[in-house]
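In case you want the letters, here they are:
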Amino acid sequence: PASLINTIIIKIILHTYLMKKLFYILISLLLITACNDDDTFSTSRSNLLSFTTDTIKMDTVFSKIPASTYTSIKGIWVYNNSNDGIRCSNVRLQKGNQSGFRVNVDGIYLGDQTGYQTNDIEIRKGDSIRIFVELTAPDNGSAIYKQIEDNLIFRLESGVEQVLNLNACAWNADVVRNLEIKNDTTIDTTISGKALLVYGGIMVDSLATLTIAPGTTIFFHDDAGINVNGKLVCQGTAEKNILLRCDRLDDMLTDIPYDVIAGRWKGIHFSGGSYDNVIDYTEIHGGSDAIVCDSSDVTRRKLTITSSTIHNSKGYGLALVNSNVYVANTQITNSLRDCVSVWGGDVCFIHNTIAQFYNFDNFGAALRFSNTDGTNNYPLLNLEVKNCIITGEAEDNIMVGMNDSVAFNYHFHNSILRTPEVKDTALTQYFDSIIWETEVDTTCIGRKNFKKIDDRFYRYDFHLDSLSKANGSASPQWALPLNRDGLPRDEKNMNMGCY
């Protein structure tokens, strides 16, 4: 009967409803139980936090200059690997505002408003929290490096205290901004022992000479460089080189400091009216365009570079426009554009190592020379290359451009050239006693000339490998008595290049 069928259907529906309700009740009970398990916090003294490191060691910083955050690149995590939750009743910076460290714990800044501490930080089992650390070191009252330390103390609910050490070295710095040299001035950081940190740049007036003393190091911020309208004399010595570099003392990545990254500061720019500049025993690295010389009177010596290093430039290493320049015993290496570009002028290279192993992007030539830049013509009155090494990663590291209507005079003597051998009889007169590096003979070409070319960590040593053909191949006719390191050359077994 219909009434019986309806009764059966109703019972089935009611049974299904009750079973579903019972199912949801059981699930809810399980979830509540699970949450209760996860939310239990232990006061056992055996339950401890784990740190990715027991010491946060910051890089060397300048006093009173904010350092970068200790970020996820060297991230500090605090883990709870126990089977229960752990509650930190208190986390505090031991010295408060005395050390210069600034700390953020799990999104909470330990500053003046919080008394440099926070309470009731909970870390459930299997969970973790994040710590960030910054530093603005106070004036250390000394001209030398000084150690700075503090402790981040975690007091657990069990009464156990765990300590995370914070430390760094601070170096007092004299900071200058948009420095204008209007009278003859000498910069000598060896007197005070302090670093010189430059923001905005240094401008040398047309009637002034800036002299940089032996042993001086100048740190340049991103927007800074040296613009020379007058005269610059970087007069280092073999024992006390001058160093011009970027101001970042920390690491970009683990084992890769910012100091090996190109383009961190502007470099040196000599204007058209600047003459008689000297760069001797000076290292310039990490700039954009390391050295640029504007067009000038080629009958006057614009720049003399000796026993120096120009390395790792994001633009040109040495860009010479219609200038009279002499370069000897100098390493010019790794530039995004060209290591050396010559547009006209009167230029002489003796005993230089010019090598192109720039590793950040598609790079230019080791040497490019021309009598035109495509818009302006600049007579190349003379380009002399003697006892030099010109090489690199590419098969051809020398690029030439020429306008037939303008003077174009050059000569290569007793040098290693990584470029296809010149066999045209009309051109061979411009090359004598050349060692041509070709892919036919791969025993020691390109990077094999040098002790270290480490593309991974950007470490380079351009001293000669024992197998390099540059060993003992220089001509005494063009020889210089000392090498880049200030050491005597072997008169009977003289090397090409600057070393």
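See the structure above.
Student: Is there a simple way to explain the overall build of the protein chain in this structure?
Tutor: Within the protein chain, the regular secondary structure consists of two helices and 41 strands. Counting only residues that meet the buried cut, the protein chain has 49% of its 499 residues in that class. Considering only contacts in the protein chain between residues 6 or more positions apart, those separated by 24 or more positions represent 64%. Total accessible area on the protein chain is roughly 23,300 Å²; 51% of this is exposed by carbon and sulfur atoms.

Student: What is the right way to read the pairing of strand S17 (residues 225-228) from this model?
Tutor: Consecutive side chains of a regular strand alternate in pointing toward one face of the sheet and then the other. Pairing geometry for strand S14 (residues 195-204) and S17, over three bridges, is parallel. Note that in S17 the partner of Ile202 across the bridge is Ile226. As judged from the four bridges shared by S17 and strand S22 (residues 267-270), these two strands associate in the parallel manner. Bridging from a neighbouring strand, Val228 pairs with Phe270 of S22.

Student: Can you help me understand the sheet that holds strand S1 (residues 50-51) in this one?
Tutor: Across the sheet, which stays open at both edges, the five strands sit in the order S1-S4-S9-S6-S7 with antiparallel pairing between neighbours. Looking at strand neighbours, the two that pair on one side only are S1 and strand S7 (108-109), the edges of this open sheet. Of the pairings in the sheet, the one linking strand S6 (residues 101-105) to S7 comprises two bridges and is antiparallel in character. Along S7, the bridge assignment pairs Asn104 with Tyr109.

Student: Help me understand the side chain of Glu384, please; the structure alone is not making it clear to me.
Tutor: Take Glu384: it is sitting in strand S33 (residues 380-386). One buried charge, Glu384, has no salt-bridge partner; the nearest side chain with opposite charge is Lys386, at 4.2 Å. A polar side-chain atom of Glu384 sits 2.8 Å from a polar atom in the side chain of His413. Residue contacts for Glu384: discarding those within four places in its chain leaves Val347, Cys348, Phe349, His411 and His413.

Student: So what exactly am I meant to see when it comes to the nonpolar core here?
Tutor: Grouped burial of nonpolar side chains is what soluble globular proteins tend to show. Counting 58 residues, the largest nonpolar core has Ile291, Phe349, Phe369, Ile390 and Phe412 as the members making the most contacts within it. Ignoring anything within four residues of it in the chain, the contact list for Phe349 reads Leu318, Val327, Val340, Val342, Ile354, Leu383, Glu384, Val385, Lys386 and Cys388. Core analysis: the second largest hydrophobic core is formed by 32 residues, Ala67, Leu110, Ile129 and Leu152 among them.

Student: Where do I start with the environment of Ala224 in this structure?
Tutor: Assignment of secondary structure puts Ala224 in the loop between strand S16 (217-220) and S17. Take Ala224: its relative accessible area is 0%, and that puts it in the buried class. In sequence terms Ala224 and Arg177 are 47 residues apart; their C-alpha atoms lie 9.0 Å from each other. Setting aside anything within four residues of it in sequence, one finds Ala224 in contact with Val198, Tyr199, Gly200, Gly201, Trp265, Lys266 and Gly267.

Student: What is the right way to look at the side chain of Ser82 in this model?
Tutor: Note that Ser82 resides in the loop between strand S4 (76-79) and strand S5 (86-93). Only 2.6 Å separates the side chain of Ser82 from the side chain of Asn80, close enough to count as a polar contact. Looking at Ser82, its side chain comes within polar contact range of the main-chain oxygen of Asp84, at 2.8 Å. The contact partners of Ser82, leaving out residues within four places of it in the chain, are Asn47, Lys125 and Gly126.

Student: It is not clear to me how the pattern of salt bridges should be interpreted in this structure. Could you clarify?
Tutor: When the charged atoms of two side chains with opposite charge come close together, those side chains can pair. Within this structure, the stated rule accounts for 13 salt bridges. In this structure, the salt-bridge partner of Asp250 is Arg248, at a minimum N-O distance of 2.7 Å. What makes Asp250 buried here is its relative accessible area of 9%. Salt bridges sharing common partners tie together Arg87, Glu122 and Glu157.

Student: Where do I start with the state of the cysteines in this structure?
Tutor: A disulfide bridge is the covalent bond that connects two cysteines by way of their sulfur atoms. As enumerated under the stated definition, the model contains zero disulfides in all. Free of any disulfide, Cys388 has its nearest cysteine sulfur in Cys348, 8.2 Å distant. On the accessibility criterion, Cys388 (0% relative accessible area) is buried.

Cut-offs applied
In this convention, every chain numbers its residues from 1, walking through the sequence in written order. Given that the model is predicted, a residue must reach a pLDDT of at least 70 before its local features are reported, and side-chain atom pairs must reach 80 or more before they are shown or counted; all residues, however, enter totals for whole chains, interfaces and linings. With hydrogens and water set aside, each side-chain value is computed from the structure's full complement of heavy atoms. The secondary structure listing takes helices from DSSP runs of H or I that are at least 4 residues long and strands from runs of E that are at least 2 residues long, numbered from the N terminus. Using a 1.4 Å probe on the protein chains alone, a residue whose accessible area is under 20% of its type maximum counts as buried, one over 50% counts as exposed, and one in between counts as partly exposed. Note on contacts: a residue pair qualifies if any of its non-hydrogen atoms lie within 4.5 Å across the two residues. Using the Shrake-Rupley algorithm and a 1.4 Å probe, accessible areas are obtained, with residue cover drawn only from the displayed protein chains. A pair of strands is treated as paired once DSSP finds two or more bridges between them. His is not counted, nor are the chain ends; Lys and Arg add positive charge and Asp and Glu add negative charge. A pair is scored as a salt bridge if a Lys or Arg side-chain nitrogen falls within 4 Å of a carboxyl oxygen belonging to Asp or Glu. Here a polar contact means two N or O atoms within 3.5 Å. Within protein one must be a hydrogen donor candidate and the other an acceptor candidate, and residues neighboring in sequence count only if both atoms are side-chain atoms. The definition of a nonpolar core used throughout is a set of buried Ala, Val, Leu, Ile, Met, Phe, Trp, Tyr and Cys residues joined through side-chain atoms within 4.5 Å. Disulfides are defined as pairs of cysteine sulfur atoms found within 2.5 Å of each other.

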